[in-house]
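Chain by chain, the residues run as shown.
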Amino acid sequence: MRVSDSRGAAPWPERDEPSHARPEPARPGEPPSPGPPTTPADGRLANGQLVSDGQRATLRHMGEGLVGRLAGGRPGQWLRERLAPRDPLHPVAWARTDLPGWARRHRWFLVVFGLGTLLRLVTALGYRPALWFPDSYTYVVTAMRPRPDLVRPAGYSMFLRLLEAFHSFALVVTVQHVLGLLVGVMLYVTVLRRGAPRWAAVLACVPVLLDAYQIELEHLLVSDSLFTFLVVGAVCLAMRRPLTPRSAAALGLVLAAATLTRTVGLPLIAVFALLLLAYGVRRASGANGASGAGRPGRTVARLTVPFLVAALLPVAGYAGWFHATYQRVGLVGSNGVFLYARTMAFADCSVMKPPADLAVLCDSRPPASRPASQEYIWNAESPLVRLPGITFTKETDTLAGRFASLAIRSQPLDYLRGTLTELGRSFTLGRPVYPDADTYRYYEFPETVPPPPGRHPAVRGKEFAQRYERGDITVRISEPFAGLMRAYQDVARLPGAALLLILLVPPAAWAVRAVRAGSARTRRPPANRASANRAPSNRARSNRASSDWGIAWATAWALLLVPPATAQFDYRYVLPAVPLACLAAALSVRGVRQRT
């Protein structure tokens, strides 16, 4: 017998009744608890289980709730999704139900992507195993004998080293073609994620997927395809929102890899650091709706410090390897030589009045009669090449750097004029032969088998290339595939003038937004201006839009400006900037047609 309270329920059990055998009193508004099921004396259920199905469900529910509370909401949901049983037929069901609609939404991109894939397949069939450039042999030597090179960083050589086990240059260029296709995918996905129209996303992918010179560059054994993939990947990663310390560190690693592939990536680290600084300040001040406006320094440091550490540590490590090999500071040992060659387009020793040790590098010919800048590095008649020893010794590189520095200080306007002239070659309507016919031919699909290398370093590199391939590396031209690509290259290319127009689209779109914002403010009645000022302004929206395309636009201009300023113009140096210019243009048109 139990003692009951006024409601007829026993608030405590009898002395011989266990505490869990009685259900808890019902709270107001809740149904009474049914209590646990009764079990036989031996604790075993009728079906032989120690725990009933209801108890198992209750325990599972309690465990999931505990995991969710401990993991903090979204991680708990992620963990439950990962632990949930998978349906092996789910991809098949998605393909039947969702794939047709997905294909219709992205049909134009799939058409362009399919054409780009087909063109690369025809190229691989027409030119086997790969096309060669004079720099290709140096890359192969560094890959087969890992050692820092004096002229080029070893990033692309390490890429070749990763694929060396397959002994196939055909596989190398196939991977490069895949990287080119992935660049188009990254552009398309990034444009759509940032809210730009789908037609702009498709147009942004057309040059990188269908340009014949882009496809030919991917079939060359040079570093530009890998470099383009890394730089475009860095820009697309920087556009993900919100940026976190982890994504900033990943961005730094990608830029470090790009820098060790081509040294033109080194100034990009500074460009991205400034953009991260601006993003952190804007985020700390609440421009993006984020908290932390009281501590802007901490918000900025959480992004810039991981980025700089991840970007500079690999570069510093490579510089240490270079120093241990040559007892020189830097990533390469040819900066002074290339800058000397650049200044020889205008250097006038009668104006410079160099000391005696630098006067040996002068050229008595007037600037208009001099050859292209690269001839002062590779031609045996160059004043620099005639000096004792190899061209890239520490003493020769230092001497050339001193001459170039004196030329720039003595003739700054001539240096600026020459840089702008070289930059202007990127935007010509046609494609004139430059810097010479031999270099120009390397960028076109050949009609006949190219001759073997003639310079001694390339001849030595050919021996290493045969060891890499374990066979003959002579280019085999197969018709009609090769003829199709030659005919296609005659008509399918992006003119330089079109690239200039693409680069002008973002500032033009920004100007349109600014004009609309100003006209909207003047048309607004005075009574509504106070309330409108409290809402997000058109200027703020315009600034956010410019922050989207600004990083791609600035990176494209950096890639176009650095080579003419430090070496000389080359057509293959322009191609990595093209997808970034298209990305900036596609993002800038977002919302231009919307009413303000």
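Every value quoted in this text rests on a predicted model; they were computed, and no experiment measured them.

*Asks:* Help me understand the overall build of the chain, please; the structure alone is not making it clear to me.
*Replies:* Across its full length, the chain holds 28 helices and two strands. Residue pairs in contact within the chain that sit at least 24 positions apart in sequence constitute 75% of those at least 6 positions apart. Summed over all atoms, the accessible surface of the chain reaches about 31,400 Å², with 62% contributed by carbon and sulfur.

*Asks:* Explain the environment of Ile215 here, please?
*Replies:* As for its placement among the helices and strands, Ile215 is situated in helix α10 (residues 212-219). By relative accessible area, Ile215 is classed as buried at 0%. Along the primary structure Ile215 and Arg120 are separated by 95 residues, whereas in three dimensions their C-alpha atoms are 6.6 Å apart.

*Asks:* Sorry if this is basic, but what is going on with a nonpolar patch on the surface here?
*Replies:* On the surface, Trp108, Val111, Leu115, Leu118, Leu121, Leu125, Phe481 and Leu484 cluster together to form a nonpolar patch covering roughly 760 Å² of accessible area. Counting only elements with at least two residues in the nonpolar patch, the list comes to α5 (107-126) and α23 (481-491). Element by element, the count of residues in the nonpolar patch is highest for α5, at six residues. Relative to the assigned elements, Trp108 resides in helix α5. The exposure class assigned to Trp108 is exposed, which follows from its relative accessible area of 57%.

*Asks:* What exactly am I supposed to notice about the packing of aromatic side chains here?
*Replies:* To describe a pair of aromatic rings, one takes the distance between the centres and the angle between the planes. For the structure shown, the criterion picks out 22 aromatic pairs. Pairing Phe133 with Tyr442 gives two aromatic rings, centres 5.2 Å apart and planes at 70 degrees, and the pair type is edge-to-face. Taken together, the residues Phe133 in the loop between β1 (127-128) and α6 (134-144) and Tyr442 in the loop between α21 (437-441) and α22 (456-469) connect sequence positions 309 residues apart. Look at Phe133 and you get buried, because its relative accessible area is 7%. Where Phe322 meets Tyr326, the ring centres are 5.0 Å apart and the plane angle is 50 degrees; that geometry is what we call tilted. Taken together, the positions of Phe322 and Tyr326, both in helix α14 (residues 296-326) and four residues apart, correspond to about one turn of that helix. Phe322 gets classed as buried once you look at its relative accessible area, which sits at 0%. Taken together, the ring pairs connect Trp132, Tyr137, Phe169 and Tyr468 into an aromatic cluster.

*Asks:* Got a minute to help me understand the pattern of salt bridges in this structure?
*Replies:* Opposite charge on two side chains allows them to pair when their charged atoms are near. Evaluated as defined, the whole model comprises 12 salt bridges. Asp224 is the partner of Arg262 in a salt bridge, and the nearest nitrogen-oxygen pair spans 3.1 Å. Placement of Arg262 in the loop between α12 (245-259) and α13 (266-284) and of Asp224 in helix α11 (residues 224-238) is noted, with a sequence separation of 38 residues between them. Across the pair, exposure class does not vary: Arg262 and Asp224 are buried alike. With a closest N to O distance of 2.8 Å, Asp357 and Arg402 form a salt bridge. Of the two residues, Asp357 is situated in helix α17 (residues 356-359) and Arg402 in helix α19 (residues 394-410); the sequence distance between them amounts to 45 residues.

*Asks:* Hey, could you run me through α23 in this one?
*Replies:* The periodicity of an α-helix, 3.6 residues per turn, causes residues three or four places apart in sequence to face the same way. Along α23, the residues that are buried comprise Ala482, Met485, Arg486 and Gln489. Along the axis of α23, the buried positions cluster into a sector of 100 degrees, meaning they face one direction only. For α23, the exposed residues set more than 90 degrees away from the buried face come down to Leu484, Asp490 and Val491. The secondary structure elements touched by the buried residues of α23 are α5, β1, α10 and β2 (476-477).

*Asks:* What is the right way to look at the state of the cysteines in this model?
*Replies:* Covalent bonding between the sulfur atoms of two cysteines defines a disulfide. Inspection of every chain in the model, using the stated rule, returns one disulfide. Bridging Cys349 to Cys362, the disulfide has an S-S length of 1.8 Å. Handedness here is read from the sign of the S-S torsion; for Cys349 and Cys362, about -100 degrees, the answer is left-handed. Separated by 13 residues along the polypeptide, Cys349 in helix α16 (residues 349-352) and Cys362 in the loop between α17 and α18 (375-378) bring together distant segments of the chain. Looking at the unpaired Cys205, the closest cysteine sulfur is the one in Cys582, lying at 8.8 Å. By relative accessible area, which is 0% here, Cys205 ends up buried.

*Asks:* Would you explain the nonpolar core in this entry?
*Replies:* Soluble, globular proteins show a tendency: their nonpolar side chains are buried together. If you look at the biggest cluster of nonpolar residues, it comprises 115 residues, and the most contacted ones within it are Phe169 and Phe272. Each residue touching Phe169, except ones within four places of it in the same chain, is listed here: Pro129, Ala130, Trp132, Val140, Leu221, Ala465, Tyr468, Glu469 and Ile473. In this structure, Val151, Leu361, Leu399 and Leu406 belong to the second largest nonpolar core, which totals 26 residues.

*Asks:* How should the side chain of Arg328 be read in this particular structure?
*Replies:* Of note, Arg328 is situated in the loop between α14 and α15 (335-343). Among the polar contacts listed, one links the side chain of Arg328 to the backbone oxygen of Gly333, at a separation of 3.0 Å. With near-sequence residues (within four places) excluded, Arg328 lies in contact with Leu150, Phe322, His323, Gly333, Phe392, Thr393, Lys394 and Asp397.

*Asks:* Explanation requested: α19 in the structure shown.
*Replies:* Here α19 is 17 residues long and its end C-alpha atoms lie 24 Å apart, about the 24 Å a rise of 1.5 Å per residue gives. Among the residues of α19, Thr396, Asp397, Leu399, Ala400, Phe403, Ala404, Leu406 and Ala407 are the ones counted as buried. Where α19 is buried, its residues contact α15, α16 and α17.

*Asks:* Would you mind showing me how to read the confidence of the model for the chain here?
*Replies:* In low-pLDDT segments, the atomic positions of the prediction should not be examined closely. The predicted model of the chain averages 83 in pLDDT, with 76% of residues at 70 or higher. Note that pLDDT drops below 50 for residues 1-21; the model gives that stretch 17 contacts with residues more than four away or on any other chain. Ignoring residues within four places in sequence, the model shows residues 287-293, a span with pLDDT below 50, making 11 contacts including any to other chains.

*Asks:* Just checking my understanding: could you explain the packing of α5 against α10 for this structure?
*Replies:* To describe two helices that pack against each other, one gives the angle between their axes and the distance between the axes. Relative to each other, α5 and α10 sit at 45 degrees, their axes nearing to 10 Å. In this view, α5 runs oblique relative to α10, as classed from their interaxial angle. α5 and α10 meet at a crossing whose hand is right-handed. Seen from α5, the contacting residues are Leu119, Arg120, Thr123 and Ala124; seen from α10, they are Ile215, Glu218 and His219. Here the residues of the contact of α5 with α10 are counted per class, giving three nonpolar, two polar and two charged.

*Asks:* Please explain the environment of Val178 as it appears in this structure.
*Replies:* Among the structural elements, Val178 can be located in helix α8 (residues 169-193). In sequence terms Val178 and Phe229 are 51 residues apart; their C-alpha atoms lie 10.0 Å from each other.

*Asks:* Even after reading the chapter, I still don't get unusual backbone geometry, so can you show me in this structure?
*Replies:* Working note: non-glycine residues mostly have negative phi, and peptide bonds are mostly trans. A cis amide bond, omega 0 degrees, links Arg128 with the succeeding residue Pro129. Mapped onto the elements, Pro129 comes out in the loop between β1 and α6. Of note, the bond from Tyr434 into Pro435 is cis; its omega dihedral lies within 30 degrees of zero at 0 degrees. Turning to its location among the elements, Pro435 is positioned in the loop between α20 (412-424) and α21. Even without glycine at this site, Gln327 takes up a positive phi of about 55 degrees.

What counts as what
Starting from 1, residues in each chain are numbered consecutively following that chain's sequence as written. Note on the predicted model: pLDDT of at least 70 is required for a residue's local features to be given, and 80 or more for side-chain atom pairs to be given and counted; whole-chain, interface and lining totals, by contrast, use all residues. The basis for the side-chain values is all heavy atoms of the structure; hydrogens and waters are excluded. Secondary structure elements are defined from DSSP: runs of H or I of at least 4 residues count as helices, runs of E of at least 2 residues count as strands, and each element is numbered from the N terminus. Contact criterion: two residues are considered in contact whenever any of their non-hydrogen atoms come within 4.5 Å of each other. We get accessible surface area from the Shrake-Rupley algorithm with a probe of 1.4 Å; when it comes to residues, only the shown protein chains can shield them. Between buried and exposed lies partly exposed: a residue is buried under 20% and exposed over 50% of the maximum accessible area for its type, with that area taken using a 1.4 Å probe on protein chains only. Residues enter patches when they are more than 30% accessible in relative terms and free of salt bridges; like-charged ones are connected within 9 Å and nonpolar ones (Val, Leu, Ile, Met, Phe, Trp, Tyr) within 5 Å. The term salt bridge refers to a side-chain nitrogen of Lys or Arg lying within 4 Å of a carboxyl oxygen of Asp or Glu. Note on aromatic pairs: the rings of Phe, Tyr and Trp (six-membered ring only in Trp) are paired at centre separations within 6.5 Å, and the planes decide the class, stacked below 30 degrees, edge-to-face beyond 60, tilted for the rest. Starting at the helix axis, one direction is taken to each C-beta atom, and the arc is that of these directions. Pairs of cysteine sulfur atoms within 2.5 Å are what we label disulfides. Nonpolar core, defined: a set of buried Ala, Val, Leu, Ile, Met, Phe, Trp, Tyr and Cys residues in which side-chain atoms within 4.5 Å join the residues together. The definition of a polar contact used here is a pair of N or O atoms within 3.5 Å, where within protein one atom must be able to donate a hydrogen and the other to accept one, and adjacent residues in sequence count solely through side-chain atom pairs. Expected span of a helix, by definition, is 1.5 Å for each gap between consecutive residues, and there is one gap fewer than residues. The predictor rates its confidence in each residue with pLDDT, a number between 0 and 100. Axis definition: a line fitted to C-alpha atoms, over the contacting stretch in the case of helices. Angles run 0 to 180 degrees between N-to-C directions. Orientation categories follow fixed angle ranges, with anything under 35 degrees roughly parallel, anything over 145 roughly antiparallel, 65 to 115 roughly perpendicular, and all other angles oblique. Each crossing is labelled by how the near helix is turned from the far one, with a counterclockwise turn of less than a right angle marking it left-handed and a clockwise turn marking it right-handed. In the scheme used here, Gly and all other residues not listed as nonpolar or charged are polar, with Ala, Val, Leu, Ile, Met, Phe, Trp, Tyr, Cys and Pro taken as nonpolar and Asp, Glu, Lys and Arg as charged.

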